[in-house]
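The primary structure of each chain is shown beneath.
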Amino acid sequence: MSELDQLAAQIRACQRCRLAQTRGQAVPGEGPENAPILLIGEGPGAQEDRQGRPFVGRSGALLEKLLASIGLSRGDVFIANVVKCRPPENRDPLPDEIAACQPYLDRQVELLRPRLILTLGRISMARYFPGQSITRIHGQIRWVDDVGYVPMFHPAAALRNPQWMAAMRADFAQLAPLVAELYPGRSGEPLASAPDDAQQMSLF
Ligand code: URA
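An account of the accompanying structure is given in this report. (Residues numbered from 1 in each chain as written. Predicted model: local features only at pLDDT ≥ 70, side-chain atom pairs only at ≥ 80, totals over all residues. Heavy atoms only, no water.)

**Considering the overall build of the protein**
Phase 1 of the analysis: When you go through the protein residue by residue, the secondary structure sums to 11 helices and five strands.
Phase 2 of the analysis: Against the 2.2 N^0.38 benchmark of 17 Å for 204 residues, the protein shows a C-alpha radius of gyration of 17 Å, consistent with a compact globule.
Phase 3 of the analysis: With respect to the principal axes defined by its C-alpha atoms, the protein has extents near 55 × 40 × 30 Å.
Phase 4 of the analysis: Residues counted as buried form 49% of the 204 residues belonging to the protein.
Phase 5 of the analysis: Restricting the contact set of the protein to residue pairs at least 6 apart, pairs at least 24 apart contribute 68%.
Phase 6 of the analysis: Counting only carbon and sulfur atoms, one obtains 49% of the accessible surface of the protein, whose full area is about 10,000 Å². (Helix = DSSP H or I, 4+ residues; strand = E, 2+ residues; numbered from the N terminus. Rg over C-alpha atoms; globule rule 2.2 N^0.38 Å. Buried < 20%, exposed > 50% of the residue type's maximum accessible area, 1.4 Å probe, protein only. Contact = heavy atoms within 4.5 Å. Areas by Shrake-Rupley, 256 points an atom, 1.4 Å probe, with all protein chains shown as cover.)

**What about the nonpolar core?**
Phase 1 of the analysis: Formed by 57 residues in total, the largest nonpolar core has its most connected members in Ile37, Leu118 and Phe172.
Phase 2 of the analysis: In terms of residue count, helix H5 (residues 95-112) provides more of this core than any other element does, six residues in total. (Core = buried A, V, L, I, M, F, W, Y, C linked by side-chain atoms within 4.5 Å.)

**Considering the side chain of Gln108**
Phase 1 of the analysis: By the element assignment, Gln108 lies in helix H5.
Phase 2 of the analysis: Given a relative accessible area of 2%, Gln108 falls into the buried group.
Phase 3 of the analysis: Within polar-contact distance, the side chain of Gln108 engages the backbone oxygen of Pro28 at 2.7 Å.
Phase 4 of the analysis: Gln108 has contacts with Leu4, Leu7, Ile11, Pro28, Phe78, Ala80 and Lys84, leaving out every residue within four places of it along the chain. (Polar contact = N/O pair within 3.5 Å; in protein donor to acceptor, adjacent residues only side chain to side chain.)

**So, the packing of helix H4 (residues 58-69) against helix H9 (residues 165-173)**
Phase 1 of the analysis: Between H4 and H9, the shortest axis-to-axis distance is 9 Å and the interhelical angle comes to 45°. Judged by the angle between their axes, H4 and H9 are oblique. Viewed along their axes, H4 and H9 form a crossing whose handedness is right-handed. For the pair H4 and H9, contact is made by Leu62, Leu63, Leu66, Leu67 and Ser69 and by Met165, Met168, Arg169 and Phe172, respectively.
Phase 2 of the analysis: Looking at the contact of H4 with H9 residue by residue, the classes come out as seven nonpolar, one polar and one charged. (Axes fitted to C-alpha atoms, helices over the stretch in contact; angles between N-to-C directions. Parallel < 35°, antiparallel > 145°, perpendicular 65-115°, else oblique. Left-handed = near helix turned anticlockwise from the far one by under 90°. Nonpolar A, V, L, I, M, F, W, Y, C, P; charged D, E, K, R; others polar.)

**Re the site of the ligand**
Phase 1 of the analysis: Taken together, Gly41, Glu42, Gly43, Glu48, Pro54, Phe55, Asn81 and His154 make up the full set of residues adjacent to the ligand.
Phase 2 of the analysis: Glu42 places a main-chain nitrogen or oxygen 2.7 Å from an oxygen atom of the ligand.
Phase 3 of the analysis: Relative to its unbound accessible surface of 230 Å², the ligand loses 93% to contact with the protein.
Phase 4 of the analysis: Tallied by class, the residues present in the shell around the ligand amount to two nonpolar, four polar and two charged. (Near = heavy atom within 4 Å.)

**Focus on the state of the cysteines**
Phase 1 of the analysis: Tallied over the full model, the rule gives zero disulfides.
Phase 2 of the analysis: Counting only cysteine sulfurs, Cys101 is the nearest neighbor of Cys85, a cysteine outside any disulfide, at a range of 6.3 Å.
Phase 3 of the analysis: Assessed through its relative accessible area of 9%, Cys85 is described here as buried.
Phase 4 of the analysis: Cys101 sits in the buried class, given a relative accessible area of 10%. (Disulfide = S-S within 2.5 Å.)

So this is what it looks like as structure tokens:
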């Protein structure tokens, strides 16, 4: 069993916070162990809690479309959450719940060593961009030690506020050249729509 699988088994048995009492099942996250891109959502919803898999409800359907718009499928990326268990009634996770779960996400990041981390929504953004406002910094990449961090809207927010949908699509679209670098040799939209060589800096 890989270390990521062992970690997932620990997460499924976790009793570190009160969410363990109300969850159906924990949702450790999923994706290839060598995925260059890590997506971090907030926490499981009802569908995810039932299936034990991240982003399988309505938000997940939108996320899959957004990934497809830049030539990716969910199997190309690792998808995780800040908290691994569903907060009751889909409330925001509380600070002590986030703190209790943090070592799991930290370890996932350590093991995956992604090149690009997309935070989905406020709660996930707060971890890497504390004190910032998503409406001001969405889509802006920040590079730290060769890892790009990009705060994205949460798909559920775009579903609730359709005026954000265009911004969310644009934020994904501008990642296409980077995606082309991270998934070399892949044909399709990202490569076709990448800037030409003269314009394209190597970002890694
Ligand atoms: N919303 C999230 O933040 N995470 C999921 O896994 C599903 C919905």
